[in-house]
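# Fold and geometry: a report
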Amino acid sequence: PPLALLLSLPLALPLLPRLAHAEAGYDPDQGAYLRSADGRFQLQPYAMVQLQHTATTDGGIRGFQVRAAKWILRATDRETHVVTHAQLNVGDGRAAAEDVYVRWTPRPWLALTVGQIEVPYSRQALVLEAYQQLVDRSTVSARFGLQRDQGVALRLGERPLELTLGAWNGTR
């Protein structure tokens, strides 16, 4: 969507001079990318659309609905270990900036994230819709989950054991 491209432009602008002689490609583990010749900078665009079809046996409402349409742009500086991430959702008849953050990862077991992120409260909330095992998230997760918020998070450890300490402003 043009709005998503416009909103993600500030992420790409600092990288443009470095990407003048860039390599474009696709990696099965990372997806599409645009990488600087020296390998220091990388820009990764993602897109995801989730459709829902409704049909009833008594001739009621039938049709398709766009549940989620996401544009995600991720910029990485491998030398400073800084990742900038922006995610825009234009599904369900609305446009919303979902995740917008900067993450610094000086060591594999240490990361500092600042911005609007999914609060690491439940596993289901942290998994993108494209990777969910069921079509909808549980009603319990929607009702009691902390969802997205603005704040700072410090992650310690590596998978499968991680500890996240954070402070969020509660705007939800």
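Above this text is the structure in question.
Residues numbered from 1 in each chain as written. Predicted model: local features only at pLDDT ≥ 70, side-chain atom pairs only at ≥ 80, totals over all residues. Heavy atoms only, no water.

### Some remarks on the overall build of the protein
Applied cut-off: Put simply, DSSP marks the helices as runs of H or I at least four residues long and the strands as runs of E at least two long, and each gets a number from the N terminus on. Working definition: with a 1.4 Å probe on protein chains only, accessible area under 20% of the residue-type maximum means buried, over 50% means exposed, and in between means partly exposed. In this description, contact between two residues means that some pair of their heavy atoms is separated by no more than 4.5 Å. Values of accessible area rely on a 1.4 Å probe in the Shrake-Rupley scheme; residue burial ignores everything except the protein chains shown.
A tally of helices and strands in the protein yields three helices and nine strands. Listing the helices and strands of the protein from first to last along the sequence gives α-β-β-β-β-β-β-β-α-α-β-β. Classification of the 172 residues of the protein by burial places 32% in the buried group. Sequence-distant contacts in the protein: of pairs separated by 6 or more residues, those separated by 24 or more amount to 41%. For the protein, the computed accessible surface area is about 11200 Å², with 60% contributed by carbon and sulfur atoms.

### Comments concerning unusual backbone geometry
As a rule of thumb, non-glycine residues mostly have phi less than zero, and peptide bonds are mostly trans rather than cis. Here H81, not a glycine, exhibits a phi torsion of approximately 60°, which is positive. Here H81 is to be found in the loop between β4 (63-77) and β5 (82-89). A residue is classified by how much of its surface remains accessible, and H81, at 38% relative accessible area, is partly exposed.

### Thoughts on the packing of aromatic side chains
Rules: Stacked, edge-to-face and tilted are the three classes for Phe, Tyr and Trp ring pairs, Trp counted by its six-membered ring, which pair at centre distances within 6.5 Å; planes under 30 degrees apart are stacked, over 60 edge-to-face, the rest tilted. Sitting over a ring, as applied to charges here, requires NZ of Lys or CZ of Arg to be within 6 Å of the ring centre and within 35 degrees of the ring normal.
Enumeration according to the criterion identifies zero aromatic pairs in this entry. One Lys or Arg, R35, reaches over the ring of Y33 and ends 4.0 Å from the middle of that ring.

### A few points about the pattern of salt bridges
Stated formally: The salt bridge definition used is simple: a Lys or Arg side-chain nitrogen within 4 Å of an Asp or Glu carboxyl oxygen.
Within the structure shown, the criterion is met by six salt bridges. In this structure, E79 and R40 form a salt bridge, with 3.6 Å as the shortest nitrogen-oxygen distance. With E79 in the loop between β4 and β5 and R40 in the loop between β2 (31-35) and β3 (41-54), this residue pair connects regions lying 39 residues apart in the sequence. Relative accessible area serves as the criterion here: at 56%, E79 is assigned to the exposed category.

### Considerations on the sheet that holds strand β9 (residues 161-168)
Put simply, the test is: At least two DSSP bridges between two strands are needed for those strands to be called paired. Fitting a line to C-alpha atoms yields each axis, with helices limited to the stretch in contact; the angle taken between N-to-C directions then spans 0 to 180 degrees.
Strand order across the open sheet formed by nine strands is β1-β2-β3-β4-β5-β6-β7-β8-β9, with antiparallel pairing between neighbours. The open sheet has two free edges, formed respectively by β1 (23-27) and β9, since each of these has just one partner strand. Across the sheet, the mean angle from the axis of one strand to that of its neighbour is 20°, orientation sign disregarded. For strand β7 (residues 110-118) and strand β8 (residues 148-158), the ladder comprises nine bridges, and the chain directions are antiparallel. Bridge pairing in β8 links E118 to R148.

### Re a nonpolar patch on the surface
Counted only if it meets this: To count toward a patch, a residue needs a relative accessible area over 30% and no salt bridge; like charges are then connected within 9 Å, while nonpolar side chains (Val, Leu, Ile, Met, Phe, Trp, Tyr) are connected within 5 Å.
A surface patch of nonpolar side chains, amounting to about 420 Å² of accessible area, comprises V49, L51, F64 and V66. The set of elements that each furnish at least two residues to the nonpolar patch consists of β3 and β4. Counting through the fold element by element, V66 comes out in strand β4.

### With respect to the pairing of β9
Bridge analysis of β8 against β9 gives eight bridges, and the strand direction is antiparallel. Bridge pairing in β9 links V152 to A167. Hairpin connection, β8 to β9: the antiparallel pair is bridged by two residues.

### A short note on the environment of G166
Relative to the assigned elements, G166 resides in strand β9. Sequence-wise, G166 and L154 are twelve residues apart; in three dimensions their C-alpha atoms are separated by 6.1 Å. With sequence-adjacent residues up to four places away left out, G166 is seen in contact with V152 and A153.

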